[in-house]
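If you want the building blocks of each chain, they are given just below.
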Amino acid sequence: MNLLIQILIVLFFLSGSTFSQSNETLQRYEYSHKSMGTIFRIICYTNQKEIAKQTSEKAFKRIDQLNYIMSDYLPDSELNRLSRNSGSGEYIQVSTDLYVILKLGQQWALKTNGIFDVTIGPYSQLWRRAGRKEMLPDSDQIKKASESVGYKYILIDAENSAVKLRKERMQLDLGGIAKGFTVDEIYNLFVNSGIEKVLVDGGGDIRVGDPPPGKNGWKIVLENLKEDNQVLYISNASIATSGDLYRYILIDSVKYGHIIDPRTGYGLTTPRTVTVQASNCTEADVLASTISILGAKDGFRFLADIPHVKAIVVEEEKGKVRRYIHGSFGYIK
């Protein structure tokens, strides 16, 4: 999920159910923390108040730790220090967290044939400047940036947890995976502490466990290109939403979304929002970005080999807004 668009996702709970006797002692606790350019929210139900509080404190420290490792905005982050060593010809030993997420990124790059690519940083930097100046990058700038983009330029030494960036001026950008990865980490902290009725929201990247007491699931309302919102009810699953509903650059009457196609170096120009449901948030985050680039037709063809994943794509084609659904979401409206 970079930076992924923060689609407005409003969280509600199913209504009309009666609390069971075994759930009467459970209390609702909610915590929030600002990091990674968004607000992380945690909602949980438990009769262990102190454990919930202690786990939330651990969670917020973990979020800040991961931000310092994975951010491409913080000058002295581990990610940026690694990028500054690109082209040196040396393997740089990295932390376990950075090793794990880069390995995951490379696995998804292979699966998507480079549609998902954590080396798009040179493009990201061009488009951030374009947004400030309200001026498109010229073709020469795109071409020069492309020389340092390509997942095949990352080499990973698994035995020593070390990474080599083969090209000069490489800049890693984990925007399409970092928040999903972080949400999974926080979710696991709560489950491992014995709190399984939990929701973790990282700016639209969401993972939920067992539903709230007396409920059948968590109700999630997704705002998209259509005037009517979509409602999902989920439990023990993850949701990630990506698109250009709010975050884009308008230049010469053309909207360029914040998601960059690594094949061209340009931001997407087709209005589109993508919601993916998967077993974990890292996977949902990556696939939401990937399908945003591929579109509904090619994206759903890609998902044919990943049977447990579901997706909703809402896109504007020739002035008409259409919704496409892949997989069975259960109740959705």
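Bear in mind the structure is a predicted one, so any value in this text is a computation, not a measurement. (Residues numbered from 1 in each chain as written. Predicted model: local features only at pLDDT ≥ 70, side-chain atom pairs only at ≥ 80, totals over all residues. Heavy atoms only, no water.)

Peer 1: Teacher, can you tell me more about the overall build of the protein chain here?
Peer 2: A count of helices and strands for the protein chain gives seven helices and 18 strands. Here the protein chain displays about 15,400 Å² of accessible surface, and carbon together with sulfur accounts for 47% of that area. (Helix = DSSP H or I, 4+ residues; strand = E, 2+ residues; numbered from the N terminus. Areas by Shrake-Rupley, 256 points an atom, 1.4 Å probe, with all protein chains shown as cover.)

Peer 1: Before we go on, may I ask you to explain the packing of helix 6 (residues 178-192) against helix 7 (residues 281-303) in this structure?
Peer 2: Between two packed helices, both the angle of their axes relative to each other and the distance between the axes serve to describe the pair. Contact geometry of helix 6 with helix 7 gives a least axis separation of 7 Å together with a crossing angle of 165°. One way to sum up the angle between helix 6 and helix 7 is to call them roughly antiparallel. In this structure, helix 6 meets helix 7 at a crossing whose hand is right-handed. For the pair helix 6 and helix 7, contact is made by Ala178, Lys179, Gly180, Phe181, Val183 and Asp184 and by Cys281, Thr282 and Asp285, respectively. Looking at the contact of helix 6 with helix 7 residue by residue, the class counts come to four nonpolar, two polar and three charged. (Axes fitted to C-alpha atoms, helices over the stretch in contact; angles between N-to-C directions. Parallel < 35°, antiparallel > 145°, perpendicular 65-115°, else oblique. Left-handed = near helix turned anticlockwise from the far one by under 90°. Contact = heavy atoms within 4.5 Å. Nonpolar A, V, L, I, M, F, W, Y, C, P; charged D, E, K, R; others polar.)

Peer 1: Would you explain the packing of helix 1 (residues 49-70) against helix 3 (residues 96-111) in this entry?
Peer 2: Helix 3 packs onto helix 1 with a crossing angle of 70° between their chain directions and a minimal axis gap of 10 Å. Regarding the angle of helix 1 to helix 3, the classification is roughly perpendicular. Judged by the sense of rotation from one axis to the other, the crossing of helix 1 with helix 3 is right-handed. Residues Arg62, Gln65, Leu66, Ile69 and Met70 of helix 1 form the contact with helix 3, whose participating residues are Asp97, Leu98 and Ile101. Across the contact of helix 1 with helix 3, the residue classes break down as five nonpolar, one polar and two charged.

Peer 1: How should the side chain of Thr241 be read in this particular structure?
Peer 2: Relative to the helices and strands, Thr241 is located in strand 11 (residues 237-243). You can call Thr241 buried: its relative accessible area is 3%. (Buried < 20%, exposed > 50% of the residue type's maximum accessible area, 1.4 Å probe, protein only.)

Peer 1: Would you mind showing me how to read the pairing of strand 5 (residues 154-157) here?
Peer 2: Sheet faces and side chains relate simply in a regular strand, where the side chains alternate between the two faces. As paired strands, strand 5 and strand 6 (residues 162-165) are joined by four bridges and run antiparallel to one another. Within strand 6, the residue paired with Ile154 across the bridge is Leu165. Here strand 5 folds back onto strand 6, and the loop between the two strands holds four residues, one of which, Ser161, carries a positive phi near 50°. (Pairing = 2+ DSSP bridges.)

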